[in-house]
Structures are given as structure tokens and as C-alpha cells.
Amino acid sequence: MSSTIPLKNQSFTFLKSLKTRLAKINSLFLGTVIIPTLLSIIYFGFIASDIYISESRFVVRNPERQIPTGLGAIIQGAGFSRSQDDTYNVQEFMLSRDALSKINHQINLREAFARSGIDIFSRFNALGLDNSIEALFRFYQNHVEINLNTSSSIAVLKVKAFNTDDAYRMNEMLLQMGEQFINRLNERGRQDLIRFASSEVDIAVEKAKAASRKLSTFRNKQGIFDPEKQSGLQLQQISKLQDELIASKTQLSQVQAFTPDSPQLPALKNRIGSIQASIESEMAKVAGGSTSLTNKAVEYEMLTLERAVADKQLAAAMASLEQARSDAQRKQLYLERIVQPNKPDIAIEPYRLRGILSVFLLGLVVWGILTMLIAGVREHHD
């Protein structure tokens, strides 16, 4: 019994001394440093929910070879060039409402982010005041992070969730949707390039057909195939007739000279007249007449020129179509996964010690500032 009384006296003395020490502590220091630090210890130590982070890395590139330098040479070692602008497009898509909608269709994010086991400060719609899609979208953007390294064009995708499966599934789905988004860009660009080139080919084909039909109609109507070749044949015929005419005139002169009364003279004269008439007729077919080949050759040459131009336009359009197809293939974009999504086995956030230390240091800063302000006010009153 005697040993119990000294123990009680010692406990009473310790509590009394502790109360005296606490009373000596500045109430401002207590309110700005000690209490917030104690609250942060309670929250980060016993309340804050674990946050799992799944991380992956990717790059958007195309097979168009460029001259790389520095770190880009490592990324482009397989003959691919970086496509930084399209990486930004993928980044914006992954952080968009469309991406949220597709993920939410397969993973009920409202349920995943609002489970009862999640602490009230980290849980989605903890107070039940705002369950809208806009609130979910803001919460989603706070849990999906994409950082782009501008020197290498490597994007780092981080997805935060309250269990390891949700973090991994969301990361994998975002990468798959990014690949689908790139494929849609490829298909749209390919269709635009080829559609325009194909329309030019169709127009050129119609022009070539029209020019060929005009030329065929002209040949059938005029009864000629090629005025230049046909005029050459006519000139050859005229040349033969002229040779016959010269021979007939020579024979006539000889007969008149040696036998003026020969009965061959009328026949020779008739023959010479017939040959001359044939020559004039053949000459009229070549030039000088309204139906001559020379007059028809002008229209024929215009039609052949029109067909030649149409054929060249068709050839150029076909070459443009092939070039468009080649460009469409060459400008294909690829989302290349450099690091696959990981399935975290431990929680990375919250950073508990860092949070407690931050609260403590911030409290010290606030306490110091308020102490100086209060001291200045007191000095001013004195």
C-alpha cells in the first residue's frame, strides 16, 4: 500500500508538469504548427487511402525517314521519324470526355472511384452533392496524367486508381483507344488524299473518252482516217499520173513529128486530156477544194491535239493517284508502345511522410509570419 501512494504522487507530478509546459506553449504555435501536424499524422497515418499508379510509355511516329540527332537517333533507329504534333493529339484525346465515356462504358468509374473503403477526402462525390458527368470528368482528369518529353517525343502515361486492377485496366484501355484514334487519323488522311486524286482521274478519263469519241465521229463522217497519210497517198497517185501525162505528151509529139496523119493522134489527145482531168481531180482532193484533205486536216489536227492533251492529263492524273497512294502509305502514323502498362503491387501515393513534413514546415512558416506581424503590431501600439 505504501508503494502505491508514491506512484500516484509521481503520476500526478508528471501530469502537472506536462500541463505547466503546455500552458507555456504559445497558443499561436499550437494552432498553426502542432495541431495541423497532429491532424496530418492522423490522416496520412490512419485515414488516407492507398493510391496505385500504372505507368506506360509510348511514342507516335511514322516511317518517313529523317536525319536524327541526339536522343532522337535512338528513337528513330528503326527508320521511324517522330510525330510530336500527333502525340499532342493523342494526349488531348486520352484526356477528353470521349475517352472517359468509353472507359466508363466498360469500367463503372463512379463505382470504382466512390467505393466505401476510400477515404472521404479522396473519394468521388463523397458528400453526395454532385454526381454529374462533369464532376466525374474533373475527377478523371486528376487521376490521368500524360507528360511529353519534347526532346525525344516519348509520352509517359500515368493512371491513378484505388486498386491495382483498375489502374492497369484504365492504362491499357487508354493505350488501345490511342491506337484506334491514330488508325482513324490514318484512314481519314488516306481517304482524303486518294479521293481527290481519284476524282481527278475520273475527270481525265471522261475528257479522254470525249476526245476519242469526237475524233471517231469526225473520221466516220468525213470518211478519212488520217488526212496527212491519205494526202501522201493522193500525192503519190498524182505523181504517177503526171509521169503518165509526160509520157503521153512525149509520145504525142513523136507521132505528130513522124506520122502527122496517124490514127493514134486522137486517142493520144483524149488520153492526155483524161490524165489531166484526173490530175486536177486528185489535186482538188488534196488542196484547194471545200472537201479537200487540207481543209479537213485543220479540224482533224485540232481533234488529235485535244485527244493528246486529254491523254497526257489522264497519264498525269494516274501518276498523281499512284503518288497519293504512296504518300498515304508513307505518312501512316503508328503508336508504338515503348513500355507496357505495369500492374502495381504496392501503393505509391499518398506520400505520407512528405505530406506530414510539408504540413509541419508550412505551419512553421505561417507561425513565423504571424509572430512577426503580431510583434510589429504590439511594437506599434507601444
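Secondary structure assignment for the protein chain yields 12 helices and five strands. Within the protein chain, the fraction of its 382 residues that count as buried is 33%. Put simply, the protein chain shows about 24200 Å² of open surface, and 57% of that area lies on carbon and sulfur atoms.

All right, on to the pairing of strand β4 (residues 154-161) then. Extensive coverage of β4 is indicated by the burial of seven of its eight residues. Pairing geometry for strand β1 (residues 52-62) and β4, over seven bridges, is antiparallel. Directly across from Ile53, in β4, lies its bridge partner Lys160. Of the pairings in the sheet, the one linking strand β3 (residues 144-149) to β4 comprises six bridges and is antiparallel in character. Counterpart to Leu148 in the pairing with β4 is Ala155. Hairpin connection between β3 and β4: a loop of four residues separates the two successive antiparallel strands, and Ser153 in this loop has a positive phi of roughly 65°.

Our next topic: the packing of aromatic side chains. For the structure shown, the criterion picks out seven aromatic pairs. Consider the rings of Tyr43 and Phe121, whose centres lie 5.3 Å apart with planes at 85°: the pair is edge-to-face. In this pair, Tyr43 sits in helix α2 (residues 27-47) while Phe121 sits in the loop between α6 (109-113) and α7 (133-143), placing the two residues 78 residues apart along the sequence. The exposed category is assigned to Phe121, whose relative accessible area is 65%.

Before going further, it helps to examine the pattern of salt bridges. Counted by the stated rule, this structure contains nine salt bridges. A salt bridge links Glu55 to Arg57, with the nearest nitrogen and oxygen atoms 3.1 Å apart. Owing to a relative accessible area of 32%, Arg57 belongs among the partly exposed residues under this scheme. For the salt bridge of Glu349 with Lys160, the shortest nitrogen-to-oxygen distance reads 3.4 Å. Taken as a pair, Glu349 in the loop between β5 (334-339) and α12 (352-381) and Lys160 in strand β4 lie far apart in primary sequence, 189 residues in all. For Glu349, a relative accessible area of 15% gives the class buried.

Cis peptide bonds are those with omega within 30 degrees of zero, and the linkage from Glu349 to Pro350 qualifies with 0°. Along the chain, Pro350 falls in the loop between β5 and α12. Here the phi dihedral of Asn125 falls at roughly 50°; this positive angle occurs in a residue that is not glycine. Positive phi, normally seen in glycine, also occurs at Ser153, with a value near 65°.

Here Leu357 is to be found in helix α12. On the basis of relative accessible area, Leu357 is assigned to the partly exposed category, the value being 48%. The spacing of Leu357 and Thr37 is 320 residues in sequence and 8.0 Å in space, taken between C-alpha atoms.

Where a protein is soluble and globular, its nonpolar side chains tend to be buried together. Core analysis: the biggest nonpolar cluster contains 36 residues, and Phe58, Ile103, Leu109, Tyr140, Leu157, Met170 and Leu174 have the highest contact counts within it. The element contributing the most residues to this core is helix α8 (residues 164-222), with seven residues. Those residues in contact with Leu109, other than ones at most four positions away along the chain, are Leu100, Ile103, Asn104, Leu136, Tyr140 and Met170. Residues Ile194, Val201, Ala204 and Leu321 belong to the second largest nonpolar core, which totals six residues.

Turning next to the confidence of the model for the protein chain. When pLDDT is averaged along the protein chain, the result is 76; 67% of the residues meet or exceed 70. Per-element averaging of pLDDT across the protein chain places helix α3 (residues 71-75) at the bottom with 45 and β4 at the top with 92. Contacts from residues 65-82, a stretch scored under 50 in pLDDT, to residues over four places away or in other chains number 29 contacts.

It is the contact of α2 with α12, at a shortest axis distance of 8 Å, that shows an interaxial angle of 170°. It follows that α2 is roughly antiparallel to α12 by the angle criterion. On the side of α2, the interface is formed by Leu28, Phe29, Thr32, Val33, Pro36, Thr37, Ser40, Ile41 and Phe44, while α12 contributes Arg352, Gly355, Ile356, Val359, Phe360, Gly363, Leu364, Val366, Trp367, Leu370, Thr371 and Ile374. Here the contact of α2 with α12 is built from residues that sort into 14 nonpolar, six polar and one charged.

What follows is about the side chain of Ser56. Its location among the elements puts Ser56 in strand β1. Given a relative accessible area of 0%, Ser56 falls into the buried group. In this structure the side chain of Ser56 is engaged in a polar contact, spanning 2.7 Å, whose partner is the side chain of Asn171. Setting aside anything within four residues of it in sequence, one finds Ser56 in contact with Ala155, Val156, Leu157, Asn171, Leu175, Val339, Gln340 and Pro341.

Ile34 marks where α2 bends most, by close to 30°; the proline Pro36 follows one to four residues later. Turning to α2, its buried residues are Leu28, Thr32, Val33, Thr37, Ser40, Tyr43 and Phe44. On the buried face of α2, the contacting elements are α12.

In this section: the environment of Asn147. As for its placement among the helices and strands, Asn147 is situated in strand β3. Note on Asn147: relative accessible area 35%, which makes it partly exposed. Between the C-alpha atoms of Asn147 and Gln91, which are 56 residues apart in sequence, the distance is 8.7 Å. Among residues more than four places away in sequence, those in contact with Asn147 are Ile154, Ala155 and Val156. For Asn147, the side chain forms a polar contact with the side chain of Glu145, separated by 2.8 Å.

About the cut-offs
Residues numbered from 1 in each chain as written. Predicted model: local features only at pLDDT ≥ 70, side-chain atom pairs only at ≥ 80, totals over all residues. Heavy atoms only, no water. Helix = DSSP H or I, 4+ residues; strand = E, 2+ residues; numbered from the N terminus. Buried < 20%, exposed > 50% of the residue type's maximum accessible area, 1.4 Å probe, protein only. Areas by Shrake-Rupley, 256 points an atom, 1.4 Å probe, with all protein chains shown as cover. Pairing = 2+ DSSP bridges. Phe/Tyr/Trp six-rings, centres within 6.5 Å; stacked < 30°, edge-to-face > 60°. Salt bridge = Lys/Arg side-chain N within 4 Å of Asp/Glu carboxyl O. Core = buried A, V, L, I, M, F, W, Y, C linked by side-chain atoms within 4.5 Å. Contact = heavy atoms within 4.5 Å. pLDDT = per-residue confidence, 0-100. Axes fitted to C-alpha atoms, helices over the stretch in contact; angles between N-to-C directions. Parallel < 35°, antiparallel > 145°, perpendicular 65-115°, else oblique. Nonpolar A, V, L, I, M, F, W, Y, C, P; charged D, E, K, R; others polar. Polar contact = N/O pair within 3.5 Å; in protein donor to acceptor, adjacent residues only side chain to side chain. Bend = angle between axes of the 7 residues up to and from the residue.

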